[in-house]
Amino acid sequence: MAGGLRVGDLVEDFVLPDEVGVPRRLTDFLATGPVVLFFYPAALSRGCTAQGCHFRDLAAEFGRLGAHRVGISRDVVARQREFVQVNGFDFPLLSDVDGLVAERFGVRRRLAPAALATRRLTFVIGADRRVVEVIRGELDMTGHADRALRVLASVVDR
């Protein structure tokens, strides 16, 4: 989709392998609550580690809102597994090696080195598969999780 997904857009379902190679479907996550889908450029890099660790550290807050945290990058499954193991992540990291899902969400850079081929964007997706919020900020490693929590708190029935 040119320009990427926007608030209110319907998200097309997709399947990608997680960090242990298990195929994971977006609609399976959405069946039990909203999803905070965050795209990051490169597993184990300094910025992406800071971002992932902040999502990890806010597990209780996301849990209270019934939200799933799911990360996606173009890293291979083995690299995602190492990223999870090194940082103790308690959420899945999906491997979008060919960048097709990134392309659909509008976060793929065409003329960039592999490590920078994915923009850092976060999508808050409601259980109805509609985009509730798009969070931008290439250099704001902790702001994505913080903003997602604020958005979720304002829309999730408690």
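The notes below deal with the structure included here. Keep in mind that what you see is a predicted model, and the values were worked out from it rather than measured. (Residues numbered from 1 in each chain as written. Predicted model: local features only at pLDDT ≥ 70, side-chain atom pairs only at ≥ 80, totals over all residues. Heavy atoms only, no water.)

### Thoughts on the overall build of the protein
Next up, step 1: What the protein contains, in helices and strands, is six helices and seven strands.
Next up, step 2: The order of helices and strands in the protein, counted from the N terminus, is β-β-α-β-α-α-β-α-β-α-β-β-α.
Next up, step 3: Compactness check: the protein gives a C-alpha radius of gyration of 14 Å against a globular reference of 15 Å for 158 residues, within 12% of the reference.
Next up, step 4: The dimensions of the protein, computed from C-alpha atoms along their principal axes, are 40 × 35 × 30 Å.
Next up, step 5: Of all 158 residues assigned to the protein, the portion counted as buried reaches 49%. (Helix = DSSP H or I, 4+ residues; strand = E, 2+ residues; numbered from the N terminus. Rg over C-alpha atoms; globule rule 2.2 N^0.38 Å. Buried < 20%, exposed > 50% of the residue type's maximum accessible area, 1.4 Å probe, protein only.)

### Digging into the sheet that holds strand β5 (residues 93–95)
Next up, step 1: In spatial order, the strands read β5-β4-β3-β6-β7; together these five strands make up an open sheet with mixed pairing. Sheet topology places β5 and β7 (131–136) at the edges, where each strand pairs with a single neighbour. Going across the sheet, the axis of each strand differs from the next one's by a mean of 20°, ignoring polarity.
Next up, step 2: Pairing between strand β4 (residues 68–73) and β5: three bridges, direction parallel. Each bridged residue has a counterpart across the sheet, and for Gly71 the counterpart in β5 is Leu93.
Next up, step 3: In this fold helix α4 (residues 77–87) packs onto β4 and β5, with an angle of close to 165° to the strand it touches most, β5.
Next up, step 4: Taken strand by strand, helix α6 (residues 143–155) contacts β3 (35–39), β6 (121–125) and β7, and its axis lies near 160° from that of β7. (Pairing = 2+ DSSP bridges. Axes fitted to C-alpha atoms, helices over the stretch in contact; angles between N-to-C directions. Contact = heavy atoms within 4.5 Å.)

### What to know about the environment of Arg108
Next up, step 1: With respect to the helices and strands, Arg108 occurs in the loop between α5 (100–105) and β6.
Next up, step 2: With a relative accessible area of 23%, Arg108 lands in the partly exposed category.
Next up, step 3: Sequence spacing of Arg108 and Leu5 is 103 residues, and the spatial spacing of their C-alpha atoms is 12 Å.

### Description of helix α2 (residues 46–57)
Next up, step 1: Helix length check: α2, at twelve residues, gives a terminal C-alpha distance of 16 Å against a target of 16 Å (1.5 Å per residue), a fit within 8%.
Next up, step 2: If you check which residues of α2 are buried, you get Gly47, Cys48, Thr49, Gln51, Gly52, Cys53, His54 and Phe55.
Next up, step 3: Where the residues of α2 are buried, they touch β3, α3 (59–64), β4, α4, β6 and α6. (Expected span 1.5 Å × (residues − 1).)

### Examining the pairing of β3
Next up, step 1: Burial of β3 is extensive: five of the five residues sit out of reach of the surface.
Next up, step 2: Where burial is concerned, the two faces of β3 agree: the one with Val35, Leu37 and Phe39 and the one with Val36 and Phe38 are both buried.
Next up, step 3: Of the strand pairs in this sheet, β3 and β6 are connected by five bridges, and their pairing is antiparallel. Bridge pairing in β6 places Leu37 opposite Phe123.

### Remarks on the packing of aromatic side chains
Next up, step 1: Tallied over the full model, the rule gives eleven aromatic pairs.
Next up, step 2: Relative to Phe55, the ring of Phe38 lies with its centre 4.1 Å away and its plane at 5°, an arrangement referred to as stacked. Taken together, the residues Phe38 in strand β3 and Phe55 in helix α2 connect sequence positions 17 residues apart.
Next up, step 3: For Phe38, a relative accessible area of 2% translates into the label buried.
Next up, step 4: With a relative accessible area of 0%, Phe55 lands in the buried category.
Next up, step 5: For the pair Phe39 and Phe105, a centre-to-centre distance of 5.2 Å together with 50° between the ring planes defines the contact as tilted. Placement of the pair is Phe39 in strand β3 and Phe105 in helix α5, with a sequence separation of 66 residues. An identical accessibility class is assigned to Phe39 and Phe105; each is buried. (Phe/Tyr/Trp six-rings, centres within 6.5 Å; stacked < 30°, edge-to-face > 60°.)

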